[in-house]
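One-letter residues, chain by chain:
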Amino acid sequence: RIAVGGFAEVFRGSYQGTLVAVKQLLERGKSVREKLENEVQTLARLRHPNLLLFMGYALEPPLILTEFMRRGSLHGILKSDECFKVDGLRCLNITMAVARVMHYLHTRSPPLPHLHLKSPNILVDQNCRVTTPHFVMSLLPSSTSPHAPPRVPAPHHVLAHHSPTPPTSPSP
């Protein structure tokens, strides 16, 4: 096992002779299978150099295969003593890679907001290429699940819908 998250466990595996990451969903049942089938319809159409490559899926047990990122998460790199240094230039490159993939996702029609952008979800391969996985909200556990992350709107969504009351002038 490589990692466990809010809705899945991730394992290292092999698929047709290629090293892959296997993301096995924690929830089971007919509704999860339906959500997974809907999800893979979206994932199969997404292609971007900084988006984790979707390679396949299975319905039972419900899992998703993606490319394997040998260096792991940015979070793990930042916390380790690994010789991989995140200096100013590398930090800029990571930031630009994440910005490019977020722009790609947000300018799709309809837009595909990531909603879980954080250092554990920014992955790095052996050549220092930065990717982020994208899983549409349909695969996240329901808010009643013990694995459900807190649901909060994205800041730009809140700001776009907040219309402050204009100041009023005192009446003469």
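Residues numbered from 1 in each chain as written. Predicted model: local features only at pLDDT ≥ 70, side-chain atom pairs only at ≥ 80, totals over all residues. Heavy atoms only, no water.

Trainee: Just checking my understanding: could you explain the overall build of the protein chain for this structure?
Mentor: Each helix and strand in the protein chain was counted, giving 4 helices and 8 strands. Along the protein chain, helices and strands appear, N-terminal first, in the series β-β-β-α-β-β-β-α-α-β-β-α. Within the protein chain, buried positions represent 34% of all 172 residues. Taking the contacts inside the protein chain whose residues are at least 6 apart along the sequence as the reference set, 55% of them involve residues at least 24 apart. When the accessible area of the protein chain is evaluated, it comes to approximately 10900 Å², of which 57% is carbon and sulfur surface. (Helix = DSSP H or I, 4+ residues; strand = E, 2+ residues; numbered from the N terminus. Buried < 20%, exposed > 50% of the residue type's maximum accessible area, 1.4 Å probe, protein only. Contact = heavy atoms within 4.5 Å. Areas by Shrake-Rupley, 256 points an atom, 1.4 Å probe, with all protein chains shown as cover.)

Trainee: I'm lost on the side chain of His114 in this one. Help?
Mentor: Within the fold, His114 resides in the loop between α3 (88–106) and β7 (123–124). By relative accessible area, His114 is classed as buried at 6%. In terms of polar contacts, His114 uses its side chain to reach the backbone amide nitrogen of Leu117, at 3.3 Å. One polar contact links His114 to Thr132, side chain to side chain, over a distance of 3.1 Å. In this structure, His114 is in contact with Met102, Leu105, His106, Asn121, Thr132, Pro133 and His134, ignoring residues within four places of it in sequence. (Polar contact = N/O pair within 3.5 Å; in protein donor to acceptor, adjacent residues only side chain to side chain.)

Trainee: How do you make sense of the sheet that holds strand β4 (residues 54–58) when you look at a structure like this?
Mentor: The strand order β1-β2-β3-β5-β4 describes an open sheet built from 5 strands, whose pairing is antiparallel. Two strands lie at the open edges of the sheet, namely β1 (3–4) and β4, each paired on one side alone. Sheet topology places strand β2 (residues 8–15) next to strand β3 (residues 18–25); 8 bridges connect them, and they run antiparallel. Bridge pairing links Val10 to Lys23 in β3. The sheet contacts of helix α1 (residues 30–43) involve β3, β4 and β5 (63–67), and relative to β4 the element is tilted by about 160°. (Pairing = 2+ DSSP bridges. Axes fitted to C-alpha atoms, helices over the stretch in contact; angles between N-to-C directions.)

Trainee: How do you make sense of unusual backbone geometry when you look at a structure like this?
Mentor: The bulk of non-glycine residues show a negative phi, and the bulk of peptide bonds are trans. Cis rather than trans, the peptide bond between Glu60 and Pro61 has omega equal to -5°. Tracing the backbone through its elements, the reader meets Pro61 in the loop between β4 and β5. A cis geometry characterises the amide bond from Ser109 onward to Pro110, with omega recorded as 0°. Looking at where Pro110 falls in the secondary structure, it is placed in the loop between α3 and β7. Even without being a glycine, Gln16 presents a positive backbone phi close to 50°. Accessibility expressed as a relative area gives 70% for Gln16, which makes it exposed.

Trainee: What should I look at first to understand a nonpolar patch on the surface in this one?
Mentor: Side chains of Leu89, Leu92 and Met96 sit close together on the surface and give an oily, nonpolar patch of about 300 Å² of accessible area. Tracing the backbone shows Leu89 in helix α3. Given a relative accessible area of 58%, Leu89 falls into the exposed group. (Patch = residues over 30% accessible without salt bridge, like charges linked within 9 Å, V, L, I, M, F, W, Y side chains within 5 Å. Salt bridge = Lys/Arg side-chain N within 4 Å of Asp/Glu carboxyl O.)

Trainee: So what exactly am I meant to see when it comes to α1 here?
Mentor: Each α-helix turn comprises 3.6 residues. Residues three or four places apart therefore point the same way. In a regular helix each residue adds 1.5 Å, so 14 residues correspond to 20 Å; α1 covers 20 Å between its end C-alpha atoms and thus fits that length. For α1, the full list of buried residues reads Val32, Leu36, Glu39, Val40, Thr42 and Leu43. Buried residues of α1, viewed axially, fall in a sector of 150°; they line one side. Turned more than 90 degrees from where α1 packs its buried face, Lys30 and Asn38 sit exposed. Contacts made by the buried residues of α1 are with β3, β4 and β5. (Expected span 1.5 Å × (residues − 1). Arc of directions from axis to C-beta.)

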